[in-house]
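Here are the chains, one letter per residue:
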Amino acid sequence: MAIDLVTRSEWGARAPKGAYSYLASTRGVKIHYTGGRVDPRTLTDHSRCVAAVRAIQAMHMDGNGWIDIGYTAVACAHRKVFVGRGPHHLPAANGPGLNSGHYAVLGLVGTSGVTHPPDAMLHGIRDAIEWLRREGGAGPEIKGHRDGYPTDCPGGPLYAWVRAGAPRPPVKPEPTPKPEPEEDMPEIVSLGLENEVVVPANCDYQPWWTTEWKDTAGWHPAGGQSIAPDEPVWADITTHIALRGFRPNDPVEVGLTRHRNDGKLVDVAWPIGKLATVHADADGRVEVDLNGHFKLDKDKRARVTIRHTSATTVHLETSSAFKAILYRY
Ligand SMILES: [Zn+2]
Ligand SMILES: [Zn+2]
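Residues numbered from 1 in each chain as written. Chains lettered and ligands numbered in written order. Predicted model: local features only at pLDDT ≥ 70, side-chain atom pairs only at ≥ 80, totals over all residues.

Draft legend 1. Up close: the domain arrangement of the protein chain. Assigned domains within the protein chain: domain 1 (5–163) and domain 2 (187–328). One C-alpha centre belongs to domain 1, the other to domain 2, and the line joining them spans 80 Å. (Domains from an automatic or database assignment.)

Draft legend 2. Here's a closer look at the nonpolar core. A73, V74, A75, V105, L108 and A128 are the most contacted members of the largest nonpolar core, which has 43 residues in total. Of all elements in the fold, only β2 (26–32), α2 (46–63), β4 (73–75), β5 (81–83), β6 (102–107), α3 (119–136), β8 (138–144) and α4 (156–163) reach the threshold of two or more residues within this core. At seven residues, α3 tops the list of elements feeding residues into this core. With residues up to four places along the chain from it excluded, the contact list for V105 reads V29, I31, H32, Y71, T72, A73, A75, I125, A128 and I129. (Core = buried A, V, L, I, M, F, W, Y, C linked by C-beta atoms within 7 Å. Buried ≥ 20, exposed ≤ 12 C-beta atoms within 10 Å, placed from the backbone. Helix = DSSP H or I, 4+ residues; strand = E, 2+ residues; numbered from the N terminus. Contact = placed C-beta atoms within 7 Å.)

Draft legend 3. Layout of the sheet that holds β6. An order of β1-β5-β4-β6-β2-β8 is seen for the six strands of this open sheet, with the pairing classed as mixed. Both outer strands of the open sheet, β1 (5–6) and β8, are each paired with one neighbouring strand and no more. In this structure, β1 lies alongside β5, joined through two bridges in parallel fashion. If you follow V6 over to β5, its bridge partner there is F82. α4 contacts β2, β6 and β8 of the sheet and is inclined by roughly 140 degrees relative to β8. (Pairing = 2+ DSSP bridges. Axes fitted to C-alpha atoms, helices over the stretch in contact; angles between N-to-C directions.)

Spelled out as structure tokens, the structure:
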């Protein structure tokens, strides 16, 4: 990654009050901290970094009487490098007699507030070092201000990093992506009848299924009226209903219905909003296949509803079935 320089005009630097002394090359770079408080908001708000650098320049020019900010460059928490005096110019921050040997690079940390350099700042300092080697004839040395001068600068954390050779922080590995959950195998519930069932005359009726052909999740208690999953599912439901005993052309309504656990009807899945009306054939039989798509959560259950107003008792034949493919959601 190329160095991300903040030019002097970008940070609003004042012009130097005098001419810089020219430096053809140095033995290397010395690292500094501010020695004071660094506002933690500089970690998240780069405009605070800019303000901090301008304040340091003002202190060096107006307080110390220097011609300019004393540092060659300043690195902030955003991996940006502010151009201070820049390459080939004598810095002022290393101490009397020590400026021609090393450029001076400040990390925007201090004795309070921000005291530990974030990784991006260490990268920024490293970017500045390499930039000064490339553009300013800096030699290989990387030292702290305290090397050769009585000061705590650049503070413990930064100095430890300097002593370690100012390595670039390791690139943090991308978090290992969680393995894709295995495709949920749908559960299948298939209910039927062992024997023909008597359907009373003139009734609104939900068959009681006596046989469980398949129930992969064990969700369904053997026997019952409902498909009632233990957890929320999308349910693709099909039913085959075969009834006999009507008079020819008797109407009968059949549908897939959704109920609360107390049995109260919630809605009809097919056809939308109402049951399907079919008519008995010449032999008094009704045969119908329906399918529907229900969302079933823990207090919803699916049933088949049969309504008829015939005066005769009819029978639900054993070919009838009630099946569901259930997908967890
Ligand atoms: Zn220093
Ligand atoms: Zn910044």
